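One-letter residues, chain by chain:
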Amino acid sequence: MVGRLRSLEDLNLSSVDRPVVFLRLDLNVPIKKGTIGDDTRIRAALPTIKWLLERNCRIVACSHLGRPKGVGFEAEFSMEPVAKRLAELLETKEVVLASDYLAPDLGKMIGDLKSNQIILLENLRFYKEEQGSDVEFAKKLARFANFYVNDAFGTSHRADASLFAVAEQFPLEKRCAGFLVKKEIDFLEGAFRNPSPPVTAVFGGAKVSDKIAVLNKFTQIANNIVIGGAMAYTFLKYLGKDVGASKVEEDKLDVVAEIMKNAEARKVKIYLPEDHMCGDKFEETVAAVASNGVDIPAGFMGLDIGPKTIATFSKVIEESKVVIWNGPMGVFEWEQFKNGTRQVAEALTRCKGVTVVGGGDSAAAMAKFKLESKVSHVSTGGGASMELLEGKELPGIKVIRN
Ligand code: 3PG
């Protein structure tokens, strides 16, 4: 039995004058040449930041960004663009970027902090100790704070120092989840706790190997499992269909057999593509050719689901009481192969039940099609949401439960 997730309201903030809060966020956003591509994760951090500021807290916020080498500052991975965007979104507040947060003057910076300022630490992964879960490093990070808040849902599956060892420096009553983490857990765990049938899990993306655990888990939870994207071709190959030059994981055919067996034993219906949009090479300019049936001619590869499949998948989704979707149906980044993913996203918006989109590519697709506000929840964590749905306890969450 897992404990209750501790929330911001559980903190006795008034026990300290202008309390200092260590706030772990996931501000790992896509940045190209200094420009942020999608600021969803920065926006998602605002409710917790504002709530803490309204309560007179001094915030020391931090995040990782990308995967730097861990040997010091690398301009490409600097939090500077994030600090700027955060300040814009906070409107009247200033974001002070602390470049060396292990130096003693962080204490002075915190002491000097005005009520309209927050501190953002430079990329935590500039220190290899962050991913090494180093306790001495964690102690240094935690040393000036009175409270610990994790609002970094997207990184909570990592046992990194700032997610786990830093939290452990605080007594349990001084640690908690921020609003984003709470919302993510409520949707991703809550939607599948005694759900009303039919429950449908829609999976796509490149590889069966990325989804084995979650597919097996959903053979125990779902009534329907809908499979599109490149991973569907390994299933179709297993069923003896012609898949042409489509991507197939030959070494996962036995895994597919196992999943199909589990699904059959529990009477879970598996839906696979009945037709496809194909190309004769994996290139952005390739012409899209309809297969008109389940078999794909030699020399062609499936790059999106076809119209019959879209109709079947959409109907299953619309008639469900709970839907979880993770993984695109095709190469949705390319104009001629985006339709399947778009139609599945739209089917979710027509479903009257609880509709949850896992993070990563499916969240990016929801943003591309501007449909985020039309489903119950779009997760900010790709890896984290999948691990949670697999039934794993995430280290960053475990440490903030009662
Ligand atoms: C993510 O984008 O999935 C999270 O920020 C975690 O990043 P990581 O996979 O580099 O640990």
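Above this text is the structure in question.
Thresholds, definitions, all that
- Residues numbered from 1 in each chain as written.
- Predicted model: local features only at pLDDT ≥ 70, side-chain atom pairs only at ≥ 80, totals over all residues.
- Heavy atoms only, no water.
- Helix = DSSP H or I, 4+ residues; strand = E, 2+ residues; numbered from the N terminus.
- Rg over C-alpha atoms; globule rule 2.2 N^0.38 Å.
- Buried < 20%, exposed > 50% of the residue type's maximum accessible area, 1.4 Å probe, protein only.
- Contact = heavy atoms within 4.5 Å.
- Lys, Arg positive; Asp, Glu negative; His and termini not counted.
- Charge placed at Lys NZ, Arg CZ, Asp CG, Glu CD.
- Salt bridge = Lys/Arg side-chain N within 4 Å of Asp/Glu carboxyl O.
- Axes fitted to C-alpha atoms, helices over the stretch in contact; angles between N-to-C directions.
- Parallel < 35°, antiparallel > 145°, perpendicular 65-115°, else oblique.
- Pairing = 2+ DSSP bridges.
- Core = buried A, V, L, I, M, F, W, Y, C linked by side-chain atoms within 4.5 Å.

## Focus on the overall build of the chain
From N to C terminus, the chain includes 14 helices and 17 strands. Here the chain has a C-alpha radius of gyration of 23 Å; the compact-globule value for 402 residues is 21 Å, and the two agree. Dimensions along the principal axes, computed over C-alpha positions, put the chain at roughly 70 × 45 × 35 Å. Each of the 402 residues in the chain was classed as buried or not, and the buried ones make up 54%. Sequence separation of at least 24 residues holds for 74% of the intrachain contacts in the chain that already meet a minimum separation of 6. Put simply, the chain has 54 plus and 53 minus side-chain charges, and the middle of one group is 3 Å from the middle of the other.

## Concerning the pattern of salt bridges
Enumeration according to the criterion identifies 26 salt bridges in this entry. Between lysine 182 and aspartate 186 there is a salt bridge, and its shortest N-O distance comes to 3.1 Å. Residue lysine 182 and its partner aspartate 186 are located together in helix α6 (residues 179–190), separated by 4 residues, close to a single helical turn. Residue classification places lysine 182 among the partly exposed positions, given a relative accessible area of 31%. For the salt bridge of arginine 342 with glutamate 346, the shortest nitrogen-to-oxygen distance reads 3.2 Å. Taken together, the residues span about one helical turn, with arginine 342 and glutamate 346 both in helix α11 (residues 339–350) at a distance of 4 residues. What makes glutamate 346 partly exposed here is its relative accessible area of 23%. A single salt-bridge network, built from bridges that share partners, covers Asp39, Arg43, Arg85 and Glu88.

## A few points about the packing of helix α8 (residues 231–238) against helix α9 (residues 253–265)
Contact pair α8 / α9: the axes reach a minimum separation of 9 Å and the direction vectors enclose 80 degrees. With respect to each other, α8 and α9 are oriented roughly perpendicular. On the side of α8, the interface is formed by Thr234, Phe235, Lys237 and Tyr238, while α9 contributes Leu253, Val256, Ala257, Ile259 and Met260.

## Quick notes on the sheet that holds strand β12 (residues 276–279)
Here 3 strands make up an open sheet; going across it, the order is β13-β12-β14 and the pairing antiparallel. Each end of this open sheet is capped by a strand with a single partner; those strands are β13 (289–290) and β14 (301–305). Across 2 bridges, β12 lies against β13 in antiparallel orientation. In the strand pairing of β13, methionine 277 is matched with alanine 290.

## What about the nonpolar core?
Membership of the largest hydrophobic core comes to 71 residues, with the highest contact counts inside it found for Leu121, Phe218, Ile227 and Phe235. Look past the residues within four positions of isoleucine 227 in its chain and what remains in contact with it is Phe203, Leu215, Ala232, Phe235, Ile270, Tyr271, Leu272, Pro273 and Phe313. By size, the runner-up hydrophobic cluster in this structure holds 32 residues, among which are Ile42, Leu46, Met79 and Leu120.

## Concerning the environment of valine 2
Residue placement: valine 2 occurs in the segment before β1 (20–25). A residue is classified by how much of its surface remains accessible, and valine 2, at 47% relative accessible area, is partly exposed. Residues contacting valine 2, with those up to four places away along its chain left out, are Glu393 and Arg401.

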